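# Overview (structure and organization)
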Amino acid sequence: MKRIVTLFATIALLGPISFAAERIPGIGPTGEIKKVHGNFQFTEGPAADREGNLYFSDVAGDKLYKIDAKGELSTVLDPSHNTNGLMLNAAGNIVACEMAGRLIEVNPKTKEVKSLADGYEGKRFNAPNDLVIDRDGGVYFTDPHFRAPMPLPQGVRAFYYRAPDGKVTRLGVIENAPNGIILSPDEKTLYVIPSMQAEMLAYPVEGPGKLGPQRTFCTLKQASGKTNGGGDGLTIDSKGNLYITSALGLQVFNPQGNLLGIIEFPEQPANCTFGGKDLKTLYATARTSVYSVPMEATGHMFPAGKK
């Protein structure tokens, strides 16, 4: 296994900070890891659009930000009600997990917020965390316990599907905290990443919001002394390789569940996505900062619903 090692020997106090990295064959990086912006409280949920803009959440800072194609930072929502996972839909709007208990849609130009779902069976969600939009415009999303009121409003930690007509279906219960969620490029497999177990899960997609039996996709490599460290967020490239954030860094698995390597960042990454106009820039939200790194692999851009 190739291991990506970031070098901390020279860190400039002024100007861009970058870290040299060794590459995973066929994956990358092809250049240095660079800090794009910093001084946030806890960055999460990066999502890119087709114009090269990047959106991300500062969960603890309660804001939703945009970094444009020139690298300029601006605020989209303040407060954001603790948005976390984000994804752009076909209309160019941001669909977001609001940890205050809702799934929302945000127009990044007008900043208008629309509620898509605020509960299941008459009770608010715990604290929606991450999401992925399928080609029909339906939204798969996780609802663990992080930042949720206690006792849990839903009583369980679960994941759901919000159909284009607004109907919400509970797809499964994962008491070890379902966190990251994504579809394979052909949308025939749904991956769910728990935070409190080493085994990562996968489900065959039999139709929109309809899943087959659960299976273990892979087991994350563990930090020293740990046995049940899980993942947080994840992204996928055009070949179906998965990039899962963990305590060790970004663990890269092929579609067969084999570990290809680990990309370490200066701070522990919480989530990641491919962006840039060519989808060859990997962005990671990592604690107080947002980092970018050029890649050989090309990210997968989801159709994300029909216009």
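Model, not experiment: these values are computed from the prediction.

Pairing in this open sheet of four strands is antiparallel, and the strands run E4-E5-E6-E7 from one edge to the other. Two strands in the sheet have a free side with no partner beyond their single neighbour: strand E4 (43-48) and strand E7 (73-77). Each adjacent strand pair in this sheet contributes to an overall mean axis angle of 25°, direction not counted. Pairing of strand E6 (residues 63-67) with E7, which is carried by four bridges, proceeds in the antiparallel orientation. Opposite Ile67, over in E7, you have Leu73 as the bridge partner.

The pLDDT averaged across the protein works out to 93; a share of 92% of its residues lies at or above 70. Scored below 50 in pLDDT, residues 1-15 shows 40 contacts in the model against residues more than four places distant or in partner chains.

The next point concerns the packing of aromatic side chains. All told, the structure shown has 13 aromatic pairs when counted by the stated rule. Taken together, a centroid distance of 5.2 Å and an interplanar angle of 85° make the contact between Phe125 and Phe141 edge-to-face. Of this pair, Phe125 sits in the loop between strand E13 (123-124) and strand E14 (131-133) while Phe141 sits in strand E15 (residues 139-143); the two residues are 16 residues apart in sequence, bridging distant segments of the chain. Neither Phe125 nor Phe141 differs from the other in exposure class; each is buried. With 4.9 Å between their ring centres and 70° between their planes, Tyr191 and Phe217 make a pair best called edge-to-face. In this pair, Tyr191 is assigned in strand E19 (residues 189-194) and Phe217 in strand E22 (residues 215-219), connecting sequence segments 26 residues apart. An aromatic cluster is built from Tyr120, Phe125, Phe141 and Tyr160, whose rings are joined through pairwise contacts.

Next up on the list: the pairing of strand E9 (residues 94-98). The buried fraction of E9 is high, at five of five residues. Burial of E9 is two-sided: the residues Ile94, Ala96 and Glu98 facing one way and the residues Val95 and Cys97 facing the other way are all buried. Here strand E8 (residues 83-88) runs beside E9; their pairing, made up of four bridges, is antiparallel. Across the sheet, Leu88 pairs through a bridge with Ile94, a residue of E9. In textbook terms, the turn of a hairpin is the stretch between consecutive antiparallel strands, and for E8 and E9 this stretch comprises five residues, one of which, Gly92, has a positive phi near 85°. Bridge count for E9 against strand E10 (residues 102-106) is five bridges, and the pairing is antiparallel. The residue bridging Val95 from the neighbouring strand is Glu105, located in E10. The turn joining E9 and E10, which pair antiparallel and follow one another in sequence, is formed by three residues; a positive phi near 120° is taken by Gly101.

Bringing the pattern of salt bridges into the picture now. Summed over the entire model, instances satisfying the criterion amount to five salt bridges. Between Lys63 and Asp78 there is a salt bridge, with its nearest N and O atoms 3.9 Å apart. Residue Lys63 is located in strand E6, and its partner Asp78 is located in the loop between E7 and E8; the two are separated by 15 residues in the primary sequence. Of the residues examined, Lys63 reaches a relative accessible area of 25% and is grouped as partly exposed. Assessed through its relative accessible area of 54%, Asp78 is described here as exposed. Across the pair Arg157 and Glu175 runs a salt bridge whose closest N-O atoms are separated by 2.8 Å. Of the two residues, Arg157 sits in the loop between E15 and strand E16 (158-162) while Glu175 sits in the loop between strand E17 (168-173) and strand E18 (178-183), which places them 18 residues apart along the sequence.

Further remarks concern the side chain of Asn254. Position of Asn254 relative to the elements: it lies in the loop between strand E25 (249-253) and strand E26 (259-263). A distance of 2.9 Å separates a polar atom in the side chain of Asn254 from the backbone nitrogen of Asn258. Ignoring anything within four residues of it in the chain, the contact list for Asn254 reads Phe217, Asn241 and Leu260.

Cut-offs and rules
Residues numbered from 1 in each chain as written. Predicted model: local features only at pLDDT ≥ 70, side-chain atom pairs only at ≥ 80, totals over all residues. Heavy atoms only, no water. Pairing = 2+ DSSP bridges. Helix = DSSP H or I, 4+ residues; strand = E, 2+ residues; numbered from the N terminus. Axes fitted to C-alpha atoms, helices over the stretch in contact; angles between N-to-C directions. pLDDT = per-residue confidence, 0-100. Contact = heavy atoms within 4.5 Å. Phe/Tyr/Trp six-rings, centres within 6.5 Å; stacked < 30°, edge-to-face > 60°. Buried < 20%, exposed > 50% of the residue type's maximum accessible area, 1.4 Å probe, protein only. Salt bridge = Lys/Arg side-chain N within 4 Å of Asp/Glu carboxyl O. Polar contact = N/O pair within 3.5 Å; in protein donor to acceptor, adjacent residues only side chain to side chain.

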